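Per-entry structural report
What follows is the residue order along each chain.
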Amino acid sequence: MSSDRRYPSRHGIALKKQHGQCFLKDEMVIQNMIDEVSLDDTKTVVEIGCGEGILTQAILDTPCKELFVFEIDEEWHDYVKEEYGEDPRLKMHLENILDVHFEERMKDHAPLVILANLPYHITFPIFYMFHRARHLISEGVVMIQEEVAQKLVKVFGRTYGYSSLFFQHYFEMKLLDKVPPTAFYPAPKVFSRLLYFKPKKDIQEIPEEERFWKFIKGCFQFPRRTLRNNLANSIYDEKRLSEDLLKLRGQQLAMTDLLKIWNLLRSAEAEQ
């Protein structure tokens with residue numbers, strides 16, 4: 001596998017820039033991740049991107065039932081397997097996690113606990129994967145980019161949008177440690193954040209759920225525009241909404257407001 005010659009190496013293995021490899025080296029941060037979740041001999045842990053295995057080792061020091069590691073880089077997969085493979089609980093998988101049918105693969109190993117330093121460029125695709133498999137997951141802590149973490153927990157304002165609404169509807173989320181670049185090797189150019197998440201047990205039912213989320217995407221298509229402008233070329237009859245509502249931007253509306261608007265528009269459709 002090719003690598004960037006200017007990129008650093010560890011243990012004689014070149015780090016691959018294309019995989020976003022910035023390895024977490026701060027043991028206190030790693031311990032904080034472990035301490036935030038409940039691990040016992042009934043829980044299977046999933047780690048995505050093991051790197052040189054510092055988090056892997058910390059997980060194996062807990063009484064977890066199993067540890068499934070998904071690593072895309074063959075060299076690091078083999079390194080960690082050689083270092084820690086004597087522990088029968090370790091299940092190494094040389095695969096791109098986004099190519100895995102995660103729900104099917106892990107259905108016999110629930111409940112799952114997610115512990116991972118995620119490659120930042122695939123954070124959202126991984127979270128959509130978690131969403132599809134949320135009935136298998138008990139909780140998790142992941143390291144993600146600070147800006148993305150703030151977006152996920154935002155409830156109004158400039159970075160609040162579709163992703164905020166979607167993931168908050170299905171998960172409880174909590175910001176944990178803000179982590180400086182110095183906690184990684186090589187140091188990224190941005191701050192990072194530990195994010196705790198847990199699937200919600202009681203989720204408010206949404207009429208025509210799939211259509212609703214498409215509607216929400218439309219409301220935030222141009223975040224600085226008003227609802228009137230974002231809905232102008234849609235299939236929805238915005239005339240059923242008040243002038244006060246139409247003057248607002250999506251970033252000014254809570255989930256409850258958007259559900260009310262959705263029900264009004266659905267009522268209008270039913271009357272036609």
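Now for a quick tour of the structure.

About the criteria used
Residues numbered from 1 in each chain as written. Predicted model: local features only at pLDDT ≥ 70, side-chain atom pairs only at ≥ 80, totals over all residues. Heavy atoms only, no water. Helix = DSSP H or I, 4+ residues; strand = E, 2+ residues; numbered from the N terminus. Buried < 20%, exposed > 50% of the residue type's maximum accessible area, 1.4 Å probe, protein only. Areas by Shrake-Rupley, 256 points an atom, 1.4 Å probe, with all protein chains shown as cover. Lys, Arg positive; Asp, Glu negative; His and termini not counted. Charge placed at Lys NZ, Arg CZ, Asp CG, Glu CD. 1 Å grid on protein atoms, 1.4 Å probe; cavity = no way out; pocket = protein on both sides within 12 Å on 5 of 7 lines; lining within 4 Å. Points joined across faces, edges and corners; volume = space filled by probe spheres on them. Nonpolar A, V, L, I, M, F, W, Y, C, P; charged D, E, K, R; others polar. Salt bridge = Lys/Arg side-chain N within 4 Å of Asp/Glu carboxyl O. Patch = residues over 30% accessible without salt bridge, like charges linked within 9 Å, V, L, I, M, F, W, Y side chains within 5 Å. Phe/Tyr/Trp six-rings, centres within 6.5 Å; stacked < 30°, edge-to-face > 60°. Lys NZ or Arg CZ within 6 Å of the ring centre and 35° of its normal. Polar contact = N/O pair within 3.5 Å; in protein donor to acceptor, adjacent residues only side chain to side chain. Contact = heavy atoms within 4.5 Å. Arc of directions from axis to C-beta.

Here's the deal with the overall build of the protein chain
A tally of regular secondary structure across the protein chain gives 11 helices and 11 strands. When burial is assessed residue by residue, the protein chain has 49% of its 272 residues classed as buried. Put simply, the protein chain shows about 14000 Å² of open surface, and 47% of that area lies on carbon and sulfur atoms. Both charge centroids of the protein chain, one from 37 positive and one from 42 negative side chains, sit 8 Å from each other.

Details of the layout of surface pockets
When its volume is computed, the second largest pocket comes out at roughly 160 Å³. Lining the second largest pocket are 13 residues, with Gln221, Asn230, Leu231, Asn233 and Ser234 positioned closest to its centre. Residue composition of the lining of the second largest pocket, by class: five nonpolar, six polar and two charged.

Comments concerning the pattern of salt bridges
All chains considered together, the criterion is met by nine salt bridges. Of the charged contacts, one joins Glu146 and Arg193 as a salt bridge, the two residues approaching to 2.8 Å between their closest N and O atoms. Separated by 47 residues along the polypeptide, Glu146 in helix H6 (residues 146-153) and Arg193 in strand S11 (residues 192-199) bring together distant segments of the chain. Assigned by exposure class, Glu146 and Arg193 land together as buried. Linking Arg266 and Glu208 is a salt bridge whose minimum nitrogen-to-oxygen distance equals 2.7 Å. Here Arg266, found in helix H11 (residues 255-271), pairs with Glu208, found in the loop between S11 and helix H8 (209-219); they are 58 residues apart in sequence, far enough to count as distant.

A few points about a negative patch on the surface
A cluster of like negative charges, contributed by Glu74, Asp78, Glu82 and Glu83, occupies part of the molecular surface. With respect to the helices, strands and loops of the structure, Asp78 is situated in helix H3 (residues 74-84). Exposure remark for Asp78: the relative accessible area of 37% places this residue in the partly exposed category.

Digging into the packing of aromatic side chains
A complete count under the given rule lists 25 aromatic pairs for this structure. Taking the centre distance of 5.5 Å and the plane angle of 75° together, the rings of Phe127 and Phe130 count as edge-to-face. One end of the pair is Phe127 and the other is Phe130, both in helix H5 (residues 123-132) and three residues apart, which spans about a single turn. For the pair shown, Phe127 and Phe130 are each scored as buried. An angle of 45° between the planes, with centres 6.5 Å apart, marks the rings of Phe212 and Phe215 as tilted. Remark: Phe215 and Phe212 occur in helix H8; sequence separation between them is three residues, near one turn of the helix. You'll find Phe212 and Phe215 in the same group, each marked buried. Sitting over the face of the ring of Phe222, Arg225 holds its NZ or CZ atom 4.1 Å from the ring centroid.

What to know about the side chain of Glu66
Its location among the elements puts Glu66 in strand S5 (residues 66-71). A distance of 3.0 Å separates the side chain of Glu66 from the side chain of His109, its partner in a polar contact. Setting aside its immediate chain neighbours within four residues, Glu66 contacts Lys43, Thr44, Val45, Arg89, Lys91 and His109.

What about unusual backbone geometry?
The linkage connecting Ala110 with the following residue, Pro111, adopts the cis geometry, with an omega of 5°. Counting through the fold element by element, Pro111 comes out in the loop between helix H4 (102-106) and strand S7 (112-117). The step from Tyr185 to Pro186 runs through a cis peptide bond, and the omega angle for that step is -10°. The residue Pro186 is located in the loop between strand S10 (184-185) and S11 in this model.

Brief notes about helix H1 (residues 27-35)
Among the residues of H1, those classed as buried are Val29, Ile30, Met33 and Ile34. All buried residues of H1 fall inside an arc of 145° around its axis, so they share one side. For H1, exposure combined with an orientation more than 90 degrees from the buried face picks out Met28 and Asp35. Turning to H1, the residues buried within the fold contact strand S3 (23-24), helix H2 (54-60), S7, strand S8 (137-145), strand S9 (171-179) and S11. The N-cap of H1, judged by a side-chain oxygen 2.9 Å from the amide nitrogen of Met28 a few residues on, is Asp26.

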